[in-house]
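Each chain is listed here by its residues.
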Amino acid sequence: MIVVISFNSNAIGQNLNEYSGLYRLGGVDYEVKFDYYFSEGDTVLDGNFDAFHQVESGRAEYDYTSLNGKFTANKLDSKWLIKTGIFEPEGNGVYNDYTFSFNVNGNEFKAEVFFDEGKETGNWKFYDCEIRNSKISDTTLKGNVSYVNNSINKFSFYNSSNSLVGELDSGSLAKGKWQFELFSDGEKTLKNWVFKNGHLAKVEISKEGQVLTIPLLDSAGFNGFEETKELDRAYFEILKLKIAIQKPDVFEKYNQLVGHNELYFQFLDQYNKIDDLIFPLRDNTIFPEIKVNISRLPYLDKEEASLKTIIKNHEKSGEIINSVLDDPQVNIASISDEEIARYRAVLKSIRKGFYSSQKSFIELYQNNYLPYFDRNEVVDFKFDLQKVIEIKSDSISRDYLLKSNYDHLEKADLSQLKKLELYSENILKDLELINSNVDAFVSKYKRKKKLVDIESELIEKYDSVKYLNDSLITAEHNSFAEMNVNKAIAHFADSSLKVYSALTDENEKMKRAQMLLNCYQKTEDLIYTVHQSTDNIYKINDAYTREVFNPYTYTNMEEKAKPSIYNSFSNLLLPGIFHNLNRLNCHNINQYRNNFSVLFNGMMNFLKEENTNRVERKVKRADNPREAAEILNLELKFQ
């Protein structure tokens, strides 16, 4: 029901009103004019209905739609004329009586449809025309549909030079002979679909005087039952496979013409155009549900179990195949190792053969096509359950004998589906064995490659340590340290790498390489800390230095605050933490680096303490860095 909330109107009778203005249909604003009346608070359309919509779509092109018909008590009634299209003005136009008029070019779809108080009836017609200079230049598409009792009875459809004529029974089941007339490259082909009791019984193809008849045995097995199904693309996929299985000798010729089925779907597309426009006026679709009968065989419980196992094995098999074939290390190893190359060839052959067929079979199940077939026929058609994988390669001469036990597949009491399930399990076992063998072959190569990569990274880090040591540690650092800091760090880096290079066991080298890489990173951090130490030394020196007046010389002079503490810093502690660097190893390097921040922060904190007399007296007697650190309570680490 269409309800109008409120609008301006003019009374044209005792109970009938007329509305003219904007009205929204299906999300689109139309200029409309229609008759209506009120009934128990509702607005009821009754009488003529006209709607027009036009919008500029860009580049001076215009889309338009018009709907003209009649309502009876809110139901579509009598004849409706529907037009929709696109046009483009041509030339400069002609000015007359204050307006410009133009010739237009474009395309227009037009439909004449009939209703009897909401029900489809009569003879429907639709056209698709090319317009040139405001005149119809060519009718590219046309169709006729006759309705009986609200259902399609007969239809004809013409698209360019191709045509389709068909018939339905009162239950919308396809019946009789559907005739296709098709032209391609100047050649005419006649194709008939012959329906019997709602089933597609045979396909007839006539071309160049030759007639090909394809009888179809529509049976899914002894326990099958008849099902009514929509004549859609899924049905034609099922039909295509049925012909491939039942009539392999004519399948190629049939498949060459399978594209002609599109004519049927083009016919249905015209209903989509009409339905999109008038659906908002009736709230239910006019799209026809054309049906056929087809035999269906429900799954047995044991079949369901087999199918689930097949799918599970397929997924696991795919994981193994892809993991091996997509592994760059395997690909590299196969270049030099004949056995790895052979395994790769086997996996490629399985993926291209059995695995691909298995995937296609599973899709039949997942798309709900498989119930329309005898499963044994489908397995026989799609699979050749071989025990030997043929390898077609110039460089690999030997075929591959599968290792699992396949003898039980020869048992006559097994269904083909059960054999497929067992075969998929055996294939999976073979793939797991191949994967294990490949891993054993390649793992050593992978370890070597990984070791080469980490050693390359290790050398880069070693070179970085040597470069930073030479560029950031200067003679000034050596002076404060009272030693050659560069030499100590360089000796540590060189000796560590020398110890590593003497290792022979690959596993031990892998472990030690990673440890040494981390150690060299810590060495870089130490070098940055030592480099920064000179700035901190000067800060401490400035902080401990104060200026005083000497009355004897009448001059200002510098002296150190807390001299005992400062002297222990400059004479014992600072050289001490530097001398630690002569005993560097990967275990103590972080502790020796932390010594610098502990010492510098401690020295700055002593300036903040007012009473350090006792500590100053004790530290004055200290004669080594460890003793001085203990007296000053500094947590410094020494060897």
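The shown structure was predicted, so the numbers you read here are calculated from the model rather than taken from an experiment.

A. Highlighting the packing of aromatic side chains. Counted according to the given criterion, the structure contains 42 aromatic pairs. Where Phe 34 meets Tyr 36, the ring centres are 6.3 Å apart and the plane angle is 70°; that geometry is what we call edge-to-face. A relative accessible area of 1% places Phe 34 in the buried class. Given a relative accessible area of 1%, Tyr 36 falls into the buried group. Taking the centre distance of 5.7 Å and the plane angle of 40° together, the rings of Tyr 544 and Tyr 566 count as tilted. Of the two residues, Tyr 544 is situated in helix α11 (residues 506-544) and Tyr 566 in helix α12 (residues 563-579); the sequence distance between them amounts to 22 residues. Classification of Tyr 544 as buried rests on a relative accessible area of 0%. Sitting over the face of the ring of Tyr 158, Lys 142 holds its NZ or CZ atom 5.6 Å from the ring centroid. Above the face of the Phe 180 ring, Lys 191 is positioned so that its terminal group lies 5.2 Å from the ring centre.

B. Quick peek at a positive patch on the surface. On the surface, Arg 614, Arg 617, Lys 618, Lys 620 and Arg 621 cluster together into a patch of positive charge. Position of Lys 620 relative to the elements: it lies in the loop between α14 (613-619) and α15 (625-631). The exposed category is assigned to Lys 620, whose relative accessible area is 61%.

C. Region of interest: the state of the cysteines. Counted according to the given criterion, the structure contains one disulfide. The disulfide bridge from Cys 519 ends at Cys 586, spanning 2.1 Å between sulfur atoms. Between Cys 519 and Cys 586, the S-S torsion sits near -100°, and that sign places the bridge as left-handed. Placement of Cys 519 in helix α11 and of Cys 586 in the loop between α12 and α13 (589-608) is noted, with a sequence separation of 67 residues between them. When its relative accessible area of 2% is taken as the criterion, Cys 519 is described as buried. Overall, Cys 586 belongs to the partly exposed group, its relative accessible area being 28%.

D. Here's a closer look at the pattern of salt bridges. Overall, the coordinates contain 16 salt bridges when judged by the stated rule. With a closest N to O distance of 3.5 Å, Glu 187 and Lys 207 form a salt bridge. One end of the pair, Glu 187, is in strand β14 (residues 187-196); the other, Lys 207, is in strand β15 (residues 199-207), with 20 residues separating them in the sequence. Overlapping salt bridges, with partners in common, bring together Lys 177, Lys 202 and Glu 204 in one network.

E. Just α13, in detail. The end-to-end C-alpha distance of α13, which contains 20 residues, comes to 30 Å, matching closely the 28 Å that a straight helix rising 1.5 Å per residue would cover. For α13, the full list of buried residues reads Ile 589, Tyr 592, Asn 595, Phe 596, Leu 599, Phe 600, Gly 602, Met 603 and Phe 606. Considering only its buried residues, α13 is in contact with α10 (485-501), α11 and α12.

F. Geometry of the packing of helix α4 (residues 301-325) against helix α6 (residues 338-366). α6 packs onto α4 with a crossing angle of 145° between their chain directions and a minimal axis gap of 10 Å. Where α4 crosses over α6, the handedness of that crossing is left-handed. Where α4 approaches α6, its residues Glu 304, Leu 307, Ile 310, Ile 311, His 314, Ser 317, Gly 318, Ile 321, Asn 322, Val 324 and Leu 325 are matched on the opposing element by Arg 344, Leu 347, Lys 348, Ile 350, Arg 351, Tyr 355, Gln 358, Lys 359, Phe 361, Ile 362 and Tyr 365. In terms of residue class, the contact of α4 with α6 is made up of twelve nonpolar, five polar and five charged.

G. Inspection of the side chain of Thr 523 at higher detail. Among the structural elements, Thr 523 can be located in helix α11. Discounting chain neighbours no more than four positions away, the residues touching Thr 523 are Val 465, Ile 489, Phe 492 and Ile 589.

H. Highlighting the environment of Thr 228. Its place among the elements puts Thr 228 in strand β17 (residues 225-230). C-alpha of Thr 228 to C-alpha of Arg 296: the two residues are 68 residues apart in sequence and 9.6 Å apart in space. The residues contacting Thr 228, other than those within four sequence positions of it, are Leu 173, Lys 291, Val 292 and Asn 293. A distance of 3.0 Å separates the side chain of Thr 228 from the side chain of Asn 293, its partner in a polar contact.

Basis of the calculations
Residues numbered from 1 in each chain as written. Predicted model: local features only at pLDDT ≥ 70, side-chain atom pairs only at ≥ 80, totals over all residues. Heavy atoms only, no water. Phe/Tyr/Trp six-rings, centres within 6.5 Å; stacked < 30°, edge-to-face > 60°. Buried < 20%, exposed > 50% of the residue type's maximum accessible area, 1.4 Å probe, protein only. Helix = DSSP H or I, 4+ residues; strand = E, 2+ residues; numbered from the N terminus. Lys NZ or Arg CZ within 6 Å of the ring centre and 35° of its normal. Patch = residues over 30% accessible without salt bridge, like charges linked within 9 Å, V, L, I, M, F, W, Y side chains within 5 Å. Areas by Shrake-Rupley, 256 points an atom, 1.4 Å probe, with all protein chains shown as cover. Salt bridge = Lys/Arg side-chain N within 4 Å of Asp/Glu carboxyl O. Lys, Arg positive; Asp, Glu negative; His and termini not counted. Charge placed at Lys NZ, Arg CZ, Asp CG, Glu CD. Disulfide = S-S within 2.5 Å. Expected span 1.5 Å × (residues − 1). Contact = heavy atoms within 4.5 Å. Axes fitted to C-alpha atoms, helices over the stretch in contact; angles between N-to-C directions. Left-handed = near helix turned anticlockwise from the far one by under 90°. Nonpolar A, V, L, I, M, F, W, Y, C, P; charged D, E, K, R; others polar. Polar contact = N/O pair within 3.5 Å; in protein donor to acceptor, adjacent residues only side chain to side chain.

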